[in-house]
Amino acid sequence: MKYGKRLLYVGIIFLIILFSILYIYVNDYYEADTDINMYLGSSGNVKVSRISNNYYFDGNGKDKAIIFYPGGKVEYTAYASLLYKISESGIDCFLVNMPFNLAIFNKNAANSIINKYKYNDWYLAGHSLGGVVASMYAYNNSDKVNGLILLASYPTNKINNKIRVLSIYGSNDGVLNLDKYKSSKKYWNNNTKEIIIDGANHSQFGNYGHQSGDKKASITREEQQQETVNYILNYLG
């Protein structure tokens, strides 16, 4: 009996430690910079609204829309400036709030948006881990997705040839695992385009400061994001 109680106590202590570690892990994330608030309000060109826990950037676009999965352990609003600029230029955007700031916990988040809104062409996009999870969704839902946009990211499954793929990363990226990135090219399809932005790094695709392990960019965050916007718009027409 005493042995059984001892095992019970050990088990309880183990669970407490485990949950404590998980709590610390999920609450240790990169917060969006305060300057992001200027992109979370509407203007004459873009109407910004909350839909459930997500943000909808409704610009002049009518036919195409992008659903964006944020990077791992990055506050989702950190990507508001990037998506605001895309929407302002003609493609509406949806910014998804992921559980615990990890897209892997809701990889089918795009479903509720696609089912509710009527666009001719849907594009899944994501940064880092968000891009990996977006590629998983595209792999499993090739009938719903017209394109995939990967920012400092890579697919983990073969992408259907009917899905257009745009892969962008920076020459100064210190976080992206280039070995995995290069290995993942076997999953690219015949409709894939790769862009390497000279001087760009991993962190500046969003507004959340400098990510641990990243290299210093030789271009500004505004320049990196504007180049990204231009490449996306040019690729999607």
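Draft legend 1. Main features of the pattern of salt bridges. Counted according to the given criterion, the structure contains three salt bridges. The salt bridge partner of Asp-33 is Arg-221, with a shortest N-O separation of 2.7 Å. Residue Asp-33 is located in the loop between α1 (2-26) and β1 (47-51), and its partner Arg-221 is located in helix α6 (residues 221-236); the two are separated by 188 residues in the primary sequence. Classification of Asp-33 as partly exposed rests on a relative accessible area of 23%. The salt bridge involving Glu-194 is made with Lys-185; its shortest N-O contact spans 3.5 Å. A relative accessible area of 30% means that Glu-194 is categorised as partly exposed. Judged by relative accessible area, Lys-185 falls into the partly exposed class, the value being 32%. Residues joined by salt bridges that share partners form a network here, namely Asp-33, Asp-35 and Arg-221.

Draft legend 2. Region of interest: the nonpolar core. Phe-57, Ile-66 and Ile-86 are the most contacted members of the largest nonpolar core, which totals 47 residues. Apart from the residues lying within four places of it in its own chain, the contact partners of Ile-86 are Ile-66, Ile-91, Cys-93, Val-229, Ile-232 and Leu-233. Grouped together as the second largest cluster of nonpolar side chains are 27 residues, Tyr-56, Ala-65, Phe-94 and Ala-110 included.

Draft legend 3. Examining the pairing of β1 more closely. Where β1 lies against strand β2 (residues 54-58), five bridges are found, and the strand directions are antiparallel. In the strand pairing of β2, Lys-47 is matched with Asp-58. Two successive antiparallel strands, β1 and β2, enclose a turn made up of two residues, where Ser-52 displays a positive phi of approximately 60°.

Draft legend 4. Focus on the packing of helix α2 (residues 80-88) against α6. The contact between α2 and α6 brings their axes to 10 Å, and the two run at 40°. For the element pair α2 / α6, the angle class is oblique. Between α2 and α6 the crossing geometry is right-handed. Every residue of α6 that contacts α2 at Ser-81, Leu-82, Lys-85 and Ile-86 is listed here: Gln-225, Gln-226, Thr-228, Val-229, Ile-232 and Leu-233. Of the residues in the contact of α2 with α6, the class split is five nonpolar, four polar and one charged.

What counts and how
- Residues numbered from 1 in each chain as written.
- Predicted model: local features only at pLDDT ≥ 70, side-chain atom pairs only at ≥ 80, totals over all residues.
- Heavy atoms only, no water.
- Salt bridge = Lys/Arg side-chain N within 4 Å of Asp/Glu carboxyl O.
- Helix = DSSP H or I, 4+ residues; strand = E, 2+ residues; numbered from the N terminus.
- Buried < 20%, exposed > 50% of the residue type's maximum accessible area, 1.4 Å probe, protein only.
- Core = buried A, V, L, I, M, F, W, Y, C linked by side-chain atoms within 4.5 Å.
- Contact = heavy atoms within 4.5 Å.
- Pairing = 2+ DSSP bridges.
- Axes fitted to C-alpha atoms, helices over the stretch in contact; angles between N-to-C directions.
- Parallel < 35°, antiparallel > 145°, perpendicular 65-115°, else oblique.
- Left-handed = near helix turned anticlockwise from the far one by under 90°.
- Nonpolar A, V, L, I, M, F, W, Y, C, P; charged D, E, K, R; others polar.

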